[in-house]
Amino acid sequence: MSGKIFVFIETREGSIVNSSLEVLGKARALANKAGFSVEALLLGYNIKHLAKELIYRGADVVHLVDDKRLEKYRVLPYTKAITEITQSEKPDILILVATTTGRDLGPRIAARLGTGITADCTDLDIGDYIDPNTGEKFRNVLYQIRPAFGGEVMATIVTPRHRPQMATVRPGLFSIPPKDETRSGDIKEWTIEFTNFETQNIEILESKREPRKADLKSAKIIVSGGRGAGPKGFKLIEELAKLLGGEIGASRAAVEAGWISYDHQVGLTGQTVKPDIYIACGISGAIQHIVGMKDSRIIIAINKDPNAPIFKIADYGLVGDLFIILPKLIEKLKSQKRRL
Amino acid sequence: MNIIVLVKPVPDPKAPVRLKPDGTIDREKVPLTMNLYDKHAVEAALRIKERYGGKVIAISMAPPHAIEILREALAMGVDDAILLSDKRLVGSDTLATSYALSQAILKIGNFDLILCGMESTDGNTGHVGPEVAEFLGIPHTTYVERIEIKNEYVVVKRLVEGGYELLKVKIPALLTITNTANEPRIPTIRDVIKARRKAITVWSVNDIKADPNKIGLFGSPTRILKIEKVVLKRKSKIFSGSDVDKIIESFLAELKKDGISLLR
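Basis of the calculations
- Residues numbered from 1 in each chain as written.
- Chains lettered and ligands numbered in written order.
- Predicted model: local features only at pLDDT ≥ 70, side-chain atom pairs only at ≥ 80, totals over all residues.
- Helix = DSSP H or I, 4+ residues; strand = E, 2+ residues; numbered from the N terminus.
- Buried ≥ 20, exposed ≤ 12 C-beta atoms within 10 Å, placed from the backbone.
- Contact = placed C-beta atoms within 7 Å.
- Domains from an automatic or database assignment.
- Nonpolar A, V, L, I, M, F, W, Y, C, P; charged D, E, K, R; others polar.
- Expected span 1.5 Å × (residues − 1).
- Pairing = 2+ DSSP bridges.
- Core = buried A, V, L, I, M, F, W, Y, C linked by C-beta atoms within 7 Å.
- pLDDT = per-residue confidence, 0-100.
- Axes fitted to C-alpha atoms, helices over the stretch in contact; angles between N-to-C directions.
- Parallel < 35°, antiparallel > 145°, perpendicular 65-115°, else oblique.
- Left-handed = near helix turned anticlockwise from the far one by under 90°.
- Right-handed = clockwise from strand over helix to strand, strands pointing away.

(A) Structural detail: the overall build of chain B. In terms of helices and strands, chain B carries six helices and 13 strands. The principal-axis extents of the C-alpha atoms in chain B amount to approximately 70 × 40 × 40 Å. Buried residues in chain B amount to 45% of all 264 residues. Residue pairs in contact within chain B that sit at least 24 positions apart in sequence constitute 69% of those at least 6 positions apart.

(B) Spotlight on the domain arrangement of chain A. Residue and element names in this part refer to chain A. Its domain assignment divides chain A into domain 1 (3–200) and domain 2 (221–339). If you average the C-alpha positions of domain 1 and of domain 2, the two centres end up 34 Å apart. Taken together, the seven residues of domain 1 in the interface contact five residues of domain 2. Residue composition of the side of domain 1 that touches domain 2, grouped by class: three nonpolar, three polar and one charged.

(C) Region of interest: helix H4 (residues 100–113) of chain A. All names here are of chain A. Between its terminal C-alpha atoms H4 stretches 21 Å, which fits the 20 Å expected from 14 residues at 1.5 Å a residue. Across the 14 residues that make up H4, a large majority, 12, are buried. Residues of H4 that are buried: Thr-101, Gly-102, Arg-103, Asp-104, Leu-105, Gly-106, Pro-107, Arg-108, Ile-109, Ala-110, Ala-111 and Leu-113. Immediately beyond the C-terminal end of H4, within one or two residues, lies Gly-114, with a positive phi of roughly 65°.

(D) Quick look at the interface of chain A and chain B. Listed as interface residues are 74 residues of chain A and, on the opposing side, 64 residues of chain B. Here the residues of the side of chain A that touches chain B sort into 38 nonpolar, 16 polar and 20 charged. Across seven bridges, the pairing between strand S13 (residues 202–209) of chain A and strand S9 (residues 163–170) of chain B is antiparallel. Looking at the pairing, Lys-208 of chain A lines up with Tyr-164 of chain B of S9 of chain B.

(E) Fine view of the nonpolar core. Counting 129 residues, the largest nonpolar core has Val-7 of chain A together with Val-5, Ala-100 and Leu-115 of chain B as the members making the most contacts within it. Each residue touching Val-7 of chain A, except ones within four places of it in the same chain, is listed here: Val-23, Leu-24, Ala-27, Val-38, Ala-40, Leu-41 and Ile-95 of chain A. Ranked by size, the runner-up nonpolar core spans 53 residues in total, among them Ile-299, Ile-302 and Ile-310 of chain A together with Ile-248 of chain B.

(F) Up close: unusual backbone geometry. The omega torsion of the bond from Arg-163 of chain A to Pro-164 of chain A falls at -5°, within 30 degrees of zero and hence cis. Residue Pro-172 of chain B follows Ile-171 of chain B across a cis peptide bond; omega there is 0°. Looking at the secondary structure, you find Pro-172 of chain B in the loop between S9 and strand S10 (173–177). Even without being a glycine, Asn-151 of chain B presents a positive backbone phi close to 55°. Structurally, Asn-151 of chain B can be placed in the loop between strand S7 (140–150) and strand S8 (153–160). Of the residues examined, Asn-151 of chain B has 6 C-beta atoms within 10 Å and is grouped as exposed.

(G) Structural view of the environment of Met-76 of chain B. Position of Met-76 of chain B relative to the elements: it lies in helix H2 (residues 67–76). As for Met-76 of chain B and Val-42 of chain B, which are separated by 34 residues in sequence, their C-alpha atoms are 8.0 Å apart.

(H) The confidence of the model for chain B, seen in detail. Of all residues in chain B, 93% attain a pLDDT of 70 or more, and the chain-wide mean is 92. Here the predicted complex carries an ipTM of 0.90, next to a pTM of 0.86.

(I) Structural detail: the packing of H4 of chain A against helix H4 (residues 128–136) of chain B. Put simply, H4 of chain A and H4 of chain B touch, their axes get as near as 8 Å, and they point 40° apart. By the angle between their axes, H4 of chain A is oblique relative to H4 of chain B. Here the hand of the crossing between H4 of chain A and H4 of chain B comes out right-handed. The residues of H4 of chain B that touch H4 of chain A, namely those facing Asp-104, Pro-107, Arg-108, Ala-110, Ala-111 and Arg-112 of chain A, are Pro-130, Glu-131, Glu-134 and Phe-135 of chain B. Taken together, the residues of the contact of H4 of chain A with H4 of chain B break down into five nonpolar, no polar and five charged.

(J) Focus on the packing of helix H3 (residues 75–89) of chain A against H4 of chain A. Residue and element names in this part refer to chain A. It is the contact of H3 with H4, at a shortest axis distance of 10 Å, that shows an interaxial angle of 50°. Between H3 and H4, the interaxial angle falls into the category oblique. Two packed elements cross with a definite hand, and for H3 against H4 that hand is right-handed. For the pair H3 and H4, the contacting residues are Val-75, Tyr-78, Thr-79, Ile-82, Thr-83 and Thr-86 in the first and Asp-104, Leu-105, Arg-108, Ile-109, Arg-112 and Leu-113 in the second. For the contact of H3 with H4, a count of residues per class yields six nonpolar, three polar and three charged.

(K) View of the pairing of strand S15 (residues 247–250) of chain A. Residues and elements named next belong to chain A. The two faces of S15 match: Glu-247 and Gly-249 on one face and Ile-248 and Ala-250 on the other face are all buried. Looking at chain direction, strand S14 (residues 221–225) and S15 are connected through four bridges and run parallel. When the sheet's bridge partners are listed, Val-223 is paired in S15 with Ile-248. Taking the sense of rotation as the criterion, the β-α-β connection linking S14, helix H6 (residues 230–244) and S15 turns out right-handed.

(L) Up close: the pairing of S8 of chain B. Residues and elements named next belong to chain B. Summarising the sheet, S7 and S8 pair through six bridges and their orientation is antiparallel. By the bridge assignment for S8, Val-144 is matched with Arg-158. Counting the residues between successive antiparallel strands, the hairpin from S7 to S8 contains two residues, one of them, Asn-151, with a positive phi of roughly 55°. Two strands pair when backbone bridges link them, and S8 and S9 are joined in this way by eight bridges, in the antiparallel orientation. Bridging across to S9, Arg-158 finds its partner in Glu-165. Linking two consecutive strands that pair antiparallel, namely S8 and S9, is a turn of two residues; a positive phi of about 70° is found at Gly-162 within it.

So this is what it looks like as structure tokens:
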């Protein structure tokens, strides 16, 4: 094999974060196209048992660093371990998930290695690049595809001359590859020397994460509320979601206002969802929200402002007060359901 | 506490984005504003200064006309403002930008904290903070909502998915600030007038002793291969009017016609 794709694997509480597996699957597809290998970077403490699963899910090699000092993510020791392995193994591509960890770590690694990085990619591909100034041709480079300028355009970015080509990829866009226990691969264990500067400059005093209770990713129908909904609007949204057998979503504004918990948040800083039907109630359609739901099969928007940007991306738009529309719609659907 | 705040002028998010025929953004006609998240960083810096004393310097790498954004920072209360502006910086990606900014910070010299927004509202990369910290060899923490100074450390609350972390970080450090950290102050007319009279230092590439090979398009590892306008293939059937019953009826009828069922 002529090249390597590295994928940084995130772990939390001793298990692999799902979005890392999604990216591993995407990396496998790219590697098959280019004839590259997929190699996972697994860092943590007491995590050796996770290496096999990464091979079953598509990795050819797992680079493992099992060290007490890597038990929880901290930027400096993680940067050291990854850059050291990268400098020795010379991968062509290094991909991270665009979580708060990946977005903290990715640029730091890129700066240390003196290479380029593209944030929040929504797709990746492999292809050729011809420098428009020199005519120089580069084969099998990473196409880093992401929305730009507020989502009005999609940009394809390349890093032709520097290695590794780095990208962070938004979680929730690719499916988790199936587990194939017949797959085999190598597990390479590394020992990394850390300096006091790297291990003592940042100390974790406390950390608290609530697991997501709302399963928006697999939901067929999502009824979502925004700034225009208010706590009372969310009561109606909940009722409609229940009636349709769907889940409740929310914009960042609604979460920040405290009307609903973070695990319902859809958008750039929340979850990316692709339901069959997405019903946006009182959501104006800020780009932060749209990037998280624009790939829904059908989008229905309810908003009293006829100029709200949400209507531009909606299949069906109902202009009006959601406090009048929702109760009537619920009533209508209820009577339809009785007749079913 | 000597604090440096990195401030980015961005196209006003409220102004409609105009694209040139080749698909790139028409930046000349778009009014500029201070990146929203950087405003929260300026506010955070001013609050630390008010509590612990010290000095706040705002720095921006931008074209000359972006000087107005630094005036805004001065009006909010920063002590000094520096504009890093040079034709040779045009085309810099996040790595080249971070290198240039870190060179400017080295020229300023004495600092305890560097603050900036968690990302910009135009690029949304969030790269510059961590990259500047790496060039300076200091620790960084992203998504910071709360800052407390404890001798030679800062204790920060960092937002993560579904929760937070409390981190103790050695000073000097770079922190990127969320928009939930504070409510940025609005300068009074008097502050704005006072800021007009303040001198803003302008530095060139020579002033910061930047390696010309590490800046501008040449010093940027990334290239744009193509930009495509997003074509939304949506039906955009809009139902409006004063009769809500009619809106709902025609909407449900249209759904039925299109073979879509809400109930299953």
